[in-house]
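Residues per chain, in single letters:
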Amino acid sequence: MIKGTIFDIKRYAIHDGPGIRTTVFLKGCPLRCQWCQNPEGLESKPEIMVRFTRCEKECDACVSACPQGAILKKGSQVVIDKEKCDLCGKCEDVCVYDALKIVGREVTVQEVMNEIEKDRVFFDESDGGVTFSGGEPLMQLGFLESLLKEIKKKNIHVTVDTSGYVSFKDLDRISDRVDLFLYDLKIVDDKKHKKYTGVSNKLILENLQKLSERGKRVIVRIPLLSGINDENHSIQMFVKYLHTLRNVKEISLLFYHSGGCEKYKGLRKEGLLKTFRPPSNEKIKKIKKILVDSGFSVKTGG
Ligand code: SF4
Ligand code: SF4
């Protein structure tokens, strides 16, 4: 039976496509965007995360519950030896403060479908549906494809949020079962893209071109970051590239927030953490105007 690894299912989502949606987050991503707000989506495998701000100073319940002796309490800090931890979840079960979490669990297609079905009435009333996000959902192609087949049998609207850093063969394989792609476009300059995401954008730009030639509905999502991709030169590069696409007319502008910082610490990925700033409101207005004047329909914040 085909299984996949997900790290969250968010119900009543209103920024991940049209209407009210259930968003399923699949684990694993080929990019390492320095501003990523979902560091729990980077690795393909489940991991343990500590929410330090919730850990109670006087408590040490998890230390004695761990069969592997993987947890130490140093002052008010919980320290987990990831080498020893086998992700059994016993510590998560005993922590009444909800300070420990295994992020990522293996699920069957049917288990995800059961969650999706719960909100069917909201999808129908709001023209909503299901969104697959991550991480990069196409990294679990077989699982994603099986889910899409089941969802289409139920006639539910499907959105896939992708980095585009996948083979076009894979994108093409699922595209007939996808109603809308949310396509993340970070930076058009390849050198800069490599610097801030760890990979070249050549494949991403080519794939978007090909999806557009197939006539698929695509909304391009641009995460705006002050001093990285919000200067006039970068915006002009976005416009120039987007004008080469046949049917991409919708853009969503997203803004950086520092909400993911705690998660980096909790996953012991502090080394990957960098902080950025969103552009000022004035700058956002200017960027929006440039894009609208260039013929695009522009939404902000989702
Ligand atoms: S059980 Fe929870 S609150 Fe208690 S020490 Fe462990 S992480 Fe902290
Ligand atoms: S998940 Fe299991 S092995 Fe890992 S730290 Fe918690 S109790 Fe120990």
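Just so it is clear, the model here is predicted, and its values are computed rather than measured.

Engineer: Sorry, what's going on with the sheet that holds strand β7 (residues 105-108) here?
Structural biologist: What links the strands of a sheet is backbone hydrogen bonding, and the strands pair in either a parallel or an antiparallel sense. As summarised here, the arrangement of the 9 strands in space is β7-β1-β2-β8-β9-β10-β11-β12-β13, forming an open sheet in which the pairing is mixed. The sheet is open, and its two borders are formed by β7 and β13 (297-300), each paired with just one other strand. The sheet shows a mean angle of 30° between the axes of neighbouring strands, direction not considered. Both strand β1 (residues 3-13) and β7 contribute to a ladder of 4 bridges, which runs antiparallel. The residue of β7 that forms the bridge with G4 is V107.

Engineer: Looking at this structure, how should I read the environment of L272?
Structural biologist: Examined against the element boundaries, L272 turns out to sit in the loop between α10 (261-266) and α11 (281-293). Look at L272 and you get partly exposed, because its relative accessible area is 38%. With residues up to four places along the chain from it excluded, the contact list for L272 reads Q34, L42 and Y264.

Engineer: Looking at this model, I keep getting lost on a nonpolar patch on the surface. Mind explaining?
Structural biologist: Taken together, the side chains of Y12, V121 and F122 make up a nonpolar region of the molecular surface, amounting to roughly 280 Å² of accessible area. Relative to the assigned elements, V121 resides in helix α4 (residues 120-126).

Engineer: Teacher, can you tell me more about helix α6 (residues 168-175) here?
Structural biologist: Every α-helical turn comprises 3.6 residues, leaving residues that sit three or four positions apart pointing alike. For α6, every residue scored as buried is listed here: F168, L171, I174 and S175. When α6 is viewed along its axis, its buried side chains cluster within an angular range of 135° and face the same direction. Close packing links the buried residues of α6 with α5 (141-153), β10 (180-184) and α8 (202-213).

Engineer: What is the right way to read the pattern of salt bridges from this model?
Structural biologist: Opposite charge on two side chains permits pairing when their charged atoms draw close. Counted under the stated rule, the structure contains 24 salt bridges. Note that K153 and E150 form a salt bridge whose closest N and O atoms lie 2.9 Å from each other. On the criterion of helical spacing, the pair formed by K153 and E150 is a turn pair, its members being 3 residues apart in helix α5. Residue class for E150 comes out partly exposed when judged on its relative accessible area of 24%. For K265, the salt bridge is made with E262, and the minimal N-O distance between the two is 3.7 Å. In this pair, K265 and E262 both sit in helix α10, 3 residues apart, roughly one turn of the helix. In the salt-bridge network here, residues are joined through shared partners; they are K27, E43, E47 and K269.

Engineer: Explanation requested: the domain arrangement of the chain in the structure shown.
Structural biologist: By convention, interface size is frequently given as the accessible area that disappears when the constituent parts associate. Entries for the chain in the domain assignment read domain 1 (3-45 + 109-300) and domain 2 (47-103). On the side of domain 2, 10 residues touch domain 1, which itself brings 11 residues to the contact. With both chains or domains summed, domain 1 and domain 2 bury close to 860 Å², and 57% of this area falls on carbon and sulfur atoms. Of all residues in domain 1, G266, L267 and R268 bury the most surface against domain 2, accounting for 47% of the area lost on that side. For the pair domain 1 and domain 2, the number of links is 2 salt bridges. Residues E47 and K27 are paired through a salt bridge, measuring 2.7 Å at the closest nitrogen-oxygen approach. Inspection of the domain 1/domain 2 interface yields 4 residue pairs in polar contact (both at pLDDT 80 or more). By residue class, the composition of the side of domain 1 that touches domain 2 is 1 nonpolar, 1 polar and 9 charged.

Engineer: What's the story with the site of ligand 1 in this structure? I'm lost.
Structural biologist: Contacts to ligand 1 come from C55, E56, C59, D60, A61, C62, K73, V78, C95, Y97, A99 and L100. Among the residues making up the shell around ligand 1, the classes are represented as 9 nonpolar, no polar and 3 charged.

Engineer: Whenever I open this one, the packing of aromatic side chains confuses me. Can you help?
Structural biologist: Two measures describe an aromatic ring pair: the distance that separates the ring centres and the angle between the ring planes. Evaluation of the coordinates by the stated rule reveals 6 aromatic pairs. Taking the centre distance of 6.4 Å and the plane angle of 40° together, the rings of W35 and Y196 count as tilted. Separated by 161 residues along the polypeptide, W35 in the loop between β2 (21-26) and β3 (47-50) and Y196 in helix α7 (residues 190-197) bring together distant segments of the chain. Accessibility assignment for this pair places W35 and Y196 in one class, buried. Centroid distance Y196 to F276: 6.3 Å. Interplanar angle 70°. Geometry classified as edge-to-face. Linking Y196 in helix α7 with F276 in the loop between α10 and α11, this pair joins segments that are 80 residues apart in sequence. According to the relative accessible area criterion, Y196 is buried, its value standing at 13%. By the ring-pair criterion, three or more aromatic residues cluster together here, those being W35, Y196, Y256 and F276.

Basis of the calculations
- Residues numbered from 1 in each chain as written.
- Chains lettered and ligands numbered in written order.
- Predicted model: local features only at pLDDT ≥ 70, side-chain atom pairs only at ≥ 80, totals over all residues.
- Heavy atoms only, no water.
- Pairing = 2+ DSSP bridges.
- Helix = DSSP H or I, 4+ residues; strand = E, 2+ residues; numbered from the N terminus.
- Axes fitted to C-alpha atoms, helices over the stretch in contact; angles between N-to-C directions.
- Buried < 20%, exposed > 50% of the residue type's maximum accessible area, 1.4 Å probe, protein only.
- Contact = heavy atoms within 4.5 Å.
- Patch = residues over 30% accessible without salt bridge, like charges linked within 9 Å, V, L, I, M, F, W, Y side chains within 5 Å.
- Areas by Shrake-Rupley, 256 points an atom, 1.4 Å probe, with all protein chains shown as cover.
- Salt bridge = Lys/Arg side-chain N within 4 Å of Asp/Glu carboxyl O.
- Arc of directions from axis to C-beta.
- Domains from an automatic or database assignment.
- Buried area = accessible area lost by both parts, 1.4 Å probe.
- Polar contact = N/O pair within 3.5 Å; in protein donor to acceptor, adjacent residues only side chain to side chain.
- Nonpolar A, V, L, I, M, F, W, Y, C, P; charged D, E, K, R; others polar.
- Near = heavy atom within 4 Å.
- Phe/Tyr/Trp six-rings, centres within 6.5 Å; stacked < 30°, edge-to-face > 60°.

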